[in-house]
Amino acid sequence: EDKVVQSPLSLVVHEGDTVTLNCSYEVTNFRSLLWYKQEKKAPTFLFMLTSSGIEKKSGRLSSILDKKELSSILNITATQTGDSAIYLCAYISSGSARQLTFGSGTQLTVLP
Amino acid sequence: GAVVSQHPSRVICKSGTSVKIECRSLDFQATTMFWYRQFPKQSLMLMATSNEGSKATYEQGVEKDKFLINHASLTLSTLTVTSAHPEDSSFYICSARVSGALAGELFFGEGSRLTVL
């Protein structure tokens, strides 16, 4: 059965710290892995990763996919209180609908 | 970017009543929309895939007679929770994909918080 596991489940850091969030997957016919940030309402898209070893960056956030290890990491440098959120990874398997299946999420709390 | 509007954002109803939630793609056509449910402190769980003009595809464990999905047009999908019970209280989120676009271009509605008394 396909699955995606995120770790840690929760994390508390102080402003300025760097954090690394993990996502591992076991997916038949894997297509892509996506990262989302969810604050109070709906998730907002961060990255989509399809190729192994290519880092994607957006400001202080970066992410990379390792198809050999079946995992991905999301890095946030110089964290700010506004980074506090649930970070979700999701996979897409090959198929006509291409729906997203989400992991359990990592609850990140950044303290001032 | 594309906008998905979900309505209502919050609804409180009595046990036994039915509640309809709308999901609209405002500036694009979406042949496929997805409905998720999220319980407190848990992740989004896919309930069903809604295809315009055809029957929805439900995930295992989701009762299709309880959660009625209608995708009558390229810009509107509705989820009706029939005979709601307190255990149906949850956060319901829809998402829509621009027809023909990459999967990353999946836009989410703002969500609808349902509370069943």
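See above for the structure.
Please read all numbers here as calculations on a predicted model, not as lab measurements. (Residues numbered from 1 in each chain as written. Chains lettered and ligands numbered in written order. Predicted model: local features only at pLDDT ≥ 70, side-chain atom pairs only at ≥ 80, totals over all residues. Heavy atoms only, no water.)

J.: Break down the overall build of chain B for me, with residues and values.
T.: Within chain B one finds 0 helices and 11 strands. Seen in sequence order, chain B has helices and strands lined up from the N terminus as β-β-β-β-β-β-β-β-β-β-β. Since a compact globule built from 117 residues should have a radius of gyration of about 13 Å, the 13 Å found for chain B is in line with a globular shape. The dimensions of chain B, computed from C-alpha atoms along their principal axes, are 40 × 25 × 20 Å. (Helix = DSSP H or I, 4+ residues; strand = E, 2+ residues; numbered from the N terminus. Rg over C-alpha atoms; globule rule 2.2 N^0.38 Å.)

J.: I'd like to hear about the interface of chain B and chain A, residue by residue, with values.
T.: Between chain B and chain A, the contact holds 19 residues from the first and 18 residues from the second. The contact between chain B and chain A buries some 1,600 Å² in all, and 59% of this surface belongs to carbon and sulfur atoms. Inspection of the chain B/chain A interface yields 3 residue pairs in polar contact (both at pLDDT 80 or more). Residue assignment for the side of chain B that touches chain A shows that the elements contributing at least two residues are β4 (32-38), β5 (45-51), β9 (90-97) and β10 (106-108) of chain B. Here the side of chain B that touches chain A is composed, by residue class, of 11 nonpolar, 5 polar and 3 charged. (Contact = heavy atoms within 4.5 Å. Buried area = accessible area lost by both parts, 1.4 Å probe. Polar contact = N/O pair within 3.5 Å; in protein donor to acceptor, adjacent residues only side chain to side chain. Nonpolar A, V, L, I, M, F, W, Y, C, P; charged D, E, K, R; others polar.)

J.: Which residues make up the environment of Ser93(A), and what values go with them?
T.: In this structure, Ser93(A) sits in strand β9 (residues 85-93). Through-space distance from the C-alpha of Ser93(A) to that of Val4(A) is 12 Å; in sequence the pair is 89 residues apart.

J.: Residues and numbers for the environment of Lys40(A), please.
T.: Residues and elements named next belong to chain A. With respect to the helices, strands and loops of the structure, Lys40 is situated in the loop between β4 (30-38) and β5 (44-49). Judged by relative accessible area, which is 79%, Lys40 ranks as exposed. Sequence-wise, Lys40 and Ile86 are 46 residues apart; in three dimensions their C-alpha atoms are separated by 9.1 Å. (Buried < 20%, exposed > 50% of the residue type's maximum accessible area, 1.4 Å probe, protein only.)

J.: Go over the sheet that holds strand β1 (residues 4-7) of chain B, please, and point to the residues and values.
T.: Residues and elements named next belong to chain B. The 4 strands are arranged β1-β3-β8-β7 in an open sheet whose pairing can be described as antiparallel. Looking along the sheet, the strands with just one partner apiece sit at the ends: β1 and β7 (67-73). Sheet twist, expressed as the mean angle between neighbouring strand axes with direction ignored, is 15°. (Pairing = 2+ DSSP bridges. Axes fitted to C-alpha atoms, helices over the stretch in contact; angles between N-to-C directions.)

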